[in-house]
Amino acid sequence: MDQNVQPVQRREEHQSSSTNSPYISIAAQNGGQVSAVVLTQSTFHGDVNITQNFSSTGSQISVSQISAEYKEFIVDRYKMVEEYNSFLDEYVLLDKRYVDLLMIQKHREVKEREQELCSKGQRLQKVLNSRNRDEYRRTSILQLFSPDDHGCVQKAVLLQANSGNGKSFTAQKIMLDWASGSLYTDKFDFVFHLKCRELNVTEDTSLEELLSGSITPEQITEVLRSSGRLLFLIDGFDELKLQKTTCKLLTDPHKTAPPKDILIALLQGKMLPKSFLLVTTRSTATPVLSKLLKPPYRFIEILGFSEKGVEEYFQRFFKDEGVALSRKAYECVKANQNLFTACFMPVICWIICIYIKERFQEGADLMSGLETTTSIYVHFVSTLLENHCQDLSHPVHDLLKSLGQLAERGMLEQKVLFDETVEADVSVPPLPMFLCKIPFRKRVHARPKFMVGFVHLSFQEFFTALYYVLLDEDESLRNIRKLLDVTNLGNGDDASAHGRNLNLQHFPVIQFLCGLCNEEVSAACIMETETYSLSVSPSIQTLMKKWILQVIAESGQIREGKVGKGIVFILHCLYELHEEDFVRKAMEAWEEIHLGITTLSTTDCWVLFYCLQCCEQIRSLNLACCFGITADMLKMLQPALRRCEKLCLRMEELTDADANDLVLSLGEGNNLRYFRQRKGALSEQIVQSVLITLSKQKTVGVVGFLVKNISTETAVLLVNITQNTEVTDLNIKVNEASDDSVCSYLSVSNSAGEFRVRISTYSAQIKPSLSKVHFTCPHTEISSIDWRGFLQTFHRINSSAGIYEGCEEDLASLLGVLVSVSGLKEVELGFFSLTERWASWVLSIIQACPTIHKLKASIGKEHSNDECVCSSLCMSKSDGDFTLTVYGISRPQTDPSISKISLTCPHSGTSRTDWSGFLQTLRKINSSAEAYEGCEEDLASLLGVLVSVSGLKEVELGFFSLTERWASWVLSIIQACPTIHKLRVDTDMWNGLILEEGVRLLEKSQKRPDCTLTVSGMRCQKPTDQCTVDPEKRFCHPLMMDLSCNQDVKFQF
């Protein structure tokens, strides 16, 4: 014994003790050691305790040293992960695969769960992005044991996820990060990983023995005795095979018992109650776990990858192969709505990446073998059954039929979640890889119950279709016929909301049925271990093909494009069949492929491209009402589009980078019947290239482009296209105001021998004086017009808001262009302000261009000001008669007294009329709503103009209200103009009235029998206390037309 070791002390216990056994203690102090203890000629009853107070230089291992060795072991064990398809010696670093998952702490309502289960593609992205907000309390593995809102740290965490959503990966990541010193270092000295699958053994053991795989039992004993900072990570509780027996009360980690009993003792907090717990489980086992786990505990659910997580996973997975492959693989998957939807489940994302990597290594197309949605799901199911359901006790055929029976029930009842009793009714075996359980409460204070459903609606749809082909042939045909009859797509008369819902509900199931009819898919092996292959009866294949042809042949609605979703659905059915000869036969039934009003996904475009590629000739393709077509989709469709004799297309965005694909898509000698883009803009060089391509088309329909700038050269090129190509409406529009453009909008058309051009401009800085010029002339006159000079003059006039040097010359030049157009028929002009000067110029056009039979000059509603003489001036000629109509200006809080005056007379009758004086007087009268000094003189002057019109035939007048004063003026017109045979008076339809004072005057006054006077408007029907018009309240509610006492009437005198 070392000299510093105290001698053995023998001490008799007090007589009052329960035992007379001696107490012996041996201790080494001051750095000494107890090398050996030899006790001879002694018999001991009771405890013997040998302790050592040692320094750091002692040979005994401390708890911290044990922890260091344990962490080293854990890092070595957990840093690698095995791939699905790897050989025995092939592993990959966990950090090269792990991506943070979307974890939330909020219990979601059933409707929210249904939304997640039913959403696909971009819609699912939006749903999951919404779960990434504060209201859903997103968390991470770093925060699992952080204080809650009350500052409390829960000692137990229940981490739930559907199968394949990353529970085990997360557990492995936690172990690795803790051992590496980057996670929970300030919280736990030891983290022990207990895999429930490995605990399904019958041999009794102790907790110490269970934990002793990495360190010795003695070290485990010391750790459990000395350290209170322990975390038990219980992984895969759903894999624990619990028996319905009463567990023994276990508190001692040294005692032996069944492993499952030890685990339950930990969960219930009976064994090592000061330790922390993290339990991972599938949702199918949450009901059982929630009853065992000692409350309170924190509930966290893993939803899978976020959109960003999917992209990051591809980057990590293909890091060794380079960014190009990573990007290409991700874009290929994202282009397929069904694949991308599945990728939000980490295990599916893993499977897809492995598959793509195999194709890359083989030098094959990345997506070969996963062309159809059905082939994708067959591959998923096969892989998941082999890698996640190894302990199946039932034949695969029976398992799939049971799942299919549950799926069919959900589809027929239009449910994605069922009561647990339904699961029992159809005898569904425990297949948590495809199913999930969701808690819900019928009442606020009721105990939560659970609903069962498939991990996603798409799996429910797939298993429904699979169920139908797994049945006996007769029963299978009977069920499929019933499904097709219910879908009733070919019956155009079924317009009920219920019928439409059924159609949409069953579309995916029918598509999967078509996919299972594909010979390559039906030959796929569901589980290689059982050499079980899927075989679809030829009778089912024949039935599906016959139904598709019947739908195409008999459904007029689909052929006419009234049911956009129906068209896309049929194309998907053809794609899932993937038999080129049959697809070609089916596509020949469509003279015009009109997809109707629908939003196309990338998957839809790929399906459309496949079907079009099978066609020898594409007569007509109409995508004019299809939303969502991007530049990438255009590039995908381009080889097929150029073969379309007639094409209608709408794009979300078109830029310079995409224009070449559009040019290639149009080809030569075809007919572009329609094109529109929602946003984007083309540069001058690119738009000219596109216009040159359009000049090589047979016909151009309604086609418009957004551009950055319109130069004189571009405008002239656009106009010249109409010389040799029939154009319905070809236009270009500046996307944003540009002072460099000769105009903001230019449109040309030629049909039935007529040419029409529309030019307009707008500016954020300067209000254009002449905002638009539209005119129509014979097609033969196109080449004779000086377009360059005309456009440049138009641009100069609008480059200044007022009078500028040379303005009169430019106006004369513009008039000269119009005069030079032989056979000029119609002219429409727009002004910022229709002043006396501009009105005179418009009247000069009427005088200088005798071939014009219709002219209109107007201002925008928002452009009225005090300088305007009128809001609109219109002229028309018909059968030798000339009609001039002038509309008054509505100023703020003031309606014009004379809102309209229209005169019809022989064209020769206007030669002596002072139209400028006429417009000035009308403006003066309308400048005030009340009578003013000199008002009677102005009315007499206006009457004088009417009298000067030789052969005046008809007059139309618009008043705000028909007062006695205005009725008197109307009578004076009839008396002063003997040639008038028709006079019409209208009052304001919103707030004007035909007042009784005016009616009485017209009734009692003598009128010419050869002149018909018609008065129409609102009239109060109350016998007393009738409505009146208050000039100060003309714009107040309620409006006169809204009052029940006022009715629309018409008088004839």
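No experiment lies behind these values; they were computed from the predicted model shown. (Residues numbered from 1 in each chain as written. Predicted model: local features only at pLDDT ≥ 70, side-chain atom pairs only at ≥ 80, totals over all residues. Heavy atoms only, no water.)

Colleague: Looking at this model, I keep getting lost on empty space enclosed by the protein. Mind explaining?
Modeller: Considering all chains together, one arrives at four cavities of 30 Å³ or more under this definition. If you add up the space inside the largest cavity, you get close to 340 Å³. Around the largest cavity, the lining is made up of 23 residues, and of these Glu116, Leu117, Asn162, Leu303 and Val455 lie nearest the centre. Secondary-structure elements contributing two or more residues to the lining of the largest cavity are α2 (110–118), α3 (121–131), β12 (298–304), α11 (337–342), β14 (435–440) and α16 (457–470). Looking at side-chain class alone, the lining of the largest cavity contains 13 nonpolar, five polar and five charged residues. (1 Å grid on protein atoms, 1.4 Å probe; cavity = no way out; pocket = protein on both sides within 12 Å on 5 of 7 lines; lining within 4 Å. Points joined across faces, edges and corners; volume = space filled by probe spheres on them. Helix = DSSP H or I, 4+ residues; strand = E, 2+ residues; numbered from the N terminus. Nonpolar A, V, L, I, M, F, W, Y, C, P; charged D, E, K, R; others polar.)

Colleague: Would you mind going over the side chain of threonine 170 with me for this structure?
Modeller: Mapped onto the fold, threonine 170 is located in helix α4 (residues 167–180). Beyond its immediate chain neighbours, meaning those up to four positions away, threonine 170 contacts Tyr98, Leu101, Met103, Ile141, Leu159 and Ile302. (Contact = heavy atoms within 4.5 Å.)

Colleague: Where do I start with the sheet that holds strand β11 (residues 276–281) in this structure?
Modeller: Sheet strands associate in pairs through backbone hydrogen bonding, adopting either a parallel or an antiparallel arrangement. Across the sheet, seven strands lie side by side as β7-β6-β12-β8-β11-β10-β9; this open sheet has mixed pairing. Taken across any chain shown, the strands that pair with only one partner, and hence form the sheet edges, are β7 (138–139) and β9 (190–195). Inspection of the sheet shows strand β10 (residues 230–235) paired to β11 by four bridges, in the parallel sense. Each residue of the ladder has a partner; that of leucine 231, found in β11, is phenylalanine 276. (Pairing = 2+ DSSP bridges.)

Colleague: In this structure, what is going on with the packing of aromatic side chains? I would like to understand it.
Modeller: Any aromatic ring pair is given by two values, namely how distant the centres are and how the planes are angled relative to each other. This structure, assessed with the given rule, holds 43 aromatic pairs. Ring centres of tyrosine 70 and phenylalanine 190 lie 5.8 Å apart, and the angle between their planes is 40°; this geometry places the pair in the tilted category. Placement of the pair is tyrosine 70 in helix α1 (residues 63–78) and phenylalanine 190 in strand β9, with a sequence separation of 120 residues. On the basis of relative accessibility, which here comes to 3%, the residue tyrosine 70 falls in the buried class. Under the relative-accessibility criterion, phenylalanine 190 is labelled buried at 0%. Taken together, a centroid distance of 6.1 Å and an interplanar angle of 45° make the contact between phenylalanine 434 and phenylalanine 459 tilted. On the criterion of sequence distance, the pair formed by phenylalanine 434 in the loop between α15 (420–425) and β14 and phenylalanine 459 in helix α16 is long-range, its members being 25 residues apart. Phenylalanine 459 carries the same exposure label as phenylalanine 434, and that label is buried. (Phe/Tyr/Trp six-rings, centres within 6.5 Å; stacked < 30°, edge-to-face > 60°. Buried < 20%, exposed > 50% of the residue type's maximum accessible area, 1.4 Å probe, protein only.)

Colleague: Could you clarify how one ought to interpret the packing of helix α26 (residues 656–666) against helix α27 (residues 684–694) in this entry?
Modeller: Two numbers describe a pair of packed helices, the interaxial angle and the distance between the axes. Interhelical geometry of α26 versus α27 gives an angle of 5° and a closest axis separation of 10 Å. The angle between α26 and α27 falls in the class roughly parallel. Contact residues: Asp656, Ala659, Val663 and Leu666 in α26; Ile686, Ser689, Val690, Thr693 and Leu694 in α27. When grouped by side-chain class, the residues that make up the contact of α26 with α27 number six nonpolar, two polar and one charged. (Axes fitted to C-alpha atoms, helices over the stretch in contact; angles between N-to-C directions. Parallel < 35°, antiparallel > 145°, perpendicular 65-115°, else oblique.)

Colleague: Where do I start with the side chain of serine 961 in this structure?
Modeller: Positionally, serine 961 belongs in the loop between β34 (954–959) and α34 (964–976). Looking at serine 961, the relative accessible area reads 7%, which means it is buried. Only 3.0 Å separates the side chain of serine 961 from the backbone nitrogen of leucine 993, close enough to count as a polar contact. (Polar contact = N/O pair within 3.5 Å; in protein donor to acceptor, adjacent residues only side chain to side chain.)

Colleague: Can you help me understand the environment of valine 970 in this one?
Modeller: Relative to the assigned elements, valine 970 resides in helix α34. With relative accessibility at 1%, the residue valine 970 sits in the buried group.

Colleague: I keep staring at α4 and nothing clicks. Help me out?
Modeller: Between its first and last C-alpha atoms α4 spans 20 Å; for 14 residues at 1.5 Å apiece the expected length is 20 Å, and the two agree. Of all 14 residues in α4, 12 are buried; the element is thus mostly enclosed. Those residues of α4 that sit buried are Lys167, Phe169, Thr170, Ala171, Gln172, Lys173, Ile174, Met175, Leu176, Asp177, Trp178 and Ala179. Phi turns positive one or two residues past the end of α4, at glycine 181, with a value near 90°. (Expected span 1.5 Å × (residues − 1).)

Colleague: So what exactly am I meant to see when it comes to the nonpolar core here?
Modeller: Among the nonpolar cores identified, the biggest contains 323 residues, and Phe314, Phe463, Phe705, Leu730 and Phe775 are the most heavily contacted of them. Leaving out residues up to four positions away in the same chain, phenylalanine 463 has contacts with Val381, Leu400, Leu403, Gly404, Ala407, Phe434 and Phe454. Residues Leu993, Leu995, Cys1020 and Cys1027 belong to the second largest nonpolar core, which totals six residues. (Core = buried A, V, L, I, M, F, W, Y, C linked by side-chain atoms within 4.5 Å.)

Colleague: Where do I start with the pairing of strand β25 (residues 726–734) in this structure?
Modeller: Within a regular beta strand, the side chains point alternately toward one face of the sheet and then the other, so they alternate between its two faces. Relative to β25, strand β24 (residues 699–707) is paired through eight bridges, and the arrangement is parallel. Paired with phenylalanine 705 across the bridge in β25 is isoleucine 732. In the classification by handedness, the crossover that spans β24, the intervening helix α28 (residues 712–724) and the parallel β25 is right-handed. (Right-handed = clockwise from strand over helix to strand, strands pointing away.)

Colleague: Looking at this structure, I do not really get the state of the cysteines. What am I missing?
Modeller: As used here, a disulfide is simply a covalent bond connecting the sulfur atoms of two cysteines. Following the criterion strictly, the structure yields zero disulfides and no others. You can see cysteine 605 has no disulfide; the closest cysteine sulfur is in cysteine 626, sitting 8.1 Å from it. Take cysteine 605: its relative accessible area is 0%, and that puts it in the buried class. Free cysteine cysteine 611: the closest other cysteine sulfur is in cysteine 614, separated by 6.5 Å. Since its relative accessible area comes to 0%, cysteine 611 is described here as buried. (Disulfide = S-S within 2.5 Å.)

Colleague: Looking at this structure, I do not really get a negative patch on the surface. What am I missing?
Modeller: On the surface, a cluster of negative charge is contributed by Asp365, Glu371, Glu519 and Glu520. The topology assignment puts glutamate 371 in the loop between α12 (346–362) and α13 (373–388). (Patch = residues over 30% accessible without salt bridge, like charges linked within 9 Å, V, L, I, M, F, W, Y side chains within 5 Å. Areas by Shrake-Rupley, 256 points an atom, 1.4 Å probe, with all protein chains shown as cover. Salt bridge = Lys/Arg side-chain N within 4 Å of Asp/Glu carboxyl O. Lys, Arg positive; Asp, Glu negative; His and termini not counted. Charge placed at Lys NZ, Arg CZ, Asp CG, Glu CD.)

Colleague: Looking at this structure, how should I read the packing of helix α31 (residues 836–848) against helix α32 (residues 915–926)?
Modeller: With their axes 10 Å apart at the nearest point, α31 and α32 run at an angle of 145° to one another. Crossing of α31 over α32 shows right-handed handedness. Residues Glu836, Ala839, Ser840 and Leu843 of α31 form the contact with α32, whose participating residues are Trp915, Ser916, Leu919 and Gln920. (Left-handed = near helix turned anticlockwise from the far one by under 90°.)

Colleague: Could you clarify how one ought to interpret the pairing of β10 in this entry?
Modeller: In terms of burial, β10 is a largely internal element, six of the six residues being buried. Because side chains alternate across β10, one face comprises the buried residues Leu230, Phe232 and Ile234, and the other comprises Leu231, Leu233 and Asp235, equally buried.

Colleague: What is the right way to look at the environment of leucine 385 in this model?
Modeller: Relative to the helices and strands, leucine 385 is located in helix α13. Under the relative-accessibility criterion, leucine 385 is labelled buried at 2%. Taking the C-alpha atoms as reference points, leucine 385 and valine 396, 11 residues apart in sequence, are found 8.8 Å from one another.

Colleague: Sorry, what's going on with the pattern of salt bridges here?
Modeller: Pairing between side chains becomes possible if they bear opposite charge and their charged atoms approach one another. Enumeration according to the criterion identifies 34 salt bridges in this entry. A salt bridge links arginine 327 to glutamate 311, with the shortest nitrogen-to-oxygen separation between them at 2.6 Å. With a gap of 16 residues between them, arginine 327 in helix α10 (residues 323–335) and glutamate 311 in helix α9 (residues 307–317) connect regions that are remote in the sequence. Look at glutamate 311 and you get partly exposed, because its relative accessible area is 24%. Of the charged contacts, one joins arginine 1019 and glutamate 996 as a salt bridge, the two residues approaching to 2.6 Å between their closest N and O atoms. Here arginine 1019 is found in strand β36 (residues 1012–1020), whereas its partner glutamate 996 is found in helix α35 (residues 996–1004), with 23 residues between them in sequence. Comparing arginine 1019 with glutamate 996, the two get one shared label, buried. Residues joined by salt bridges that share partners form a network here, namely Asp95, Lys173 and Asp177.

Colleague: Explanation requested: the confidence of the model for the chain in the structure shown.
Modeller: Reading predicted coordinates in detail is not appropriate for stretches of low pLDDT. Residues of the chain with pLDDT of at least 70 account for 83%, and the chain-wide mean is 82. The low-confidence segment residues 490–502, where pLDDT is below 50, has nine contacts with residues more than four positions distant or belonging to other chains. Counting interchain partners and residues more than four positions distant, the pLDDT-below-50 stretch residues 557–562 has 20 contacts. (pLDDT = per-residue confidence, 0-100.)

Colleague: Which parts of the structure should I look at to understand unusual backbone geometry?
Modeller: Outside of glycine, negative phi angles account for most residues, and trans bonds account for most peptide bonds. Going from proline 295 to proline 296, the amide bond is cis rather than trans, its omega being -5°. Tracing the chain through its elements places proline 296 in the loop between α8 (286–292) and β12. Located in the positive-phi region is tyrosine 184, a residue other than glycine, with phi close to 60°. Taking the relative accessible area as the measure of exposure, tyrosine 184 reaches 3% and is therefore buried. One non-glycine residue, glutamine 414, adopts positive backbone phi at about 55°. Position of glutamine 414 relative to the elements: it lies in the loop between α14 (396–412) and β13 (418–419). The class for glutamine 414 is partly exposed, based on a relative accessible area of 38%.

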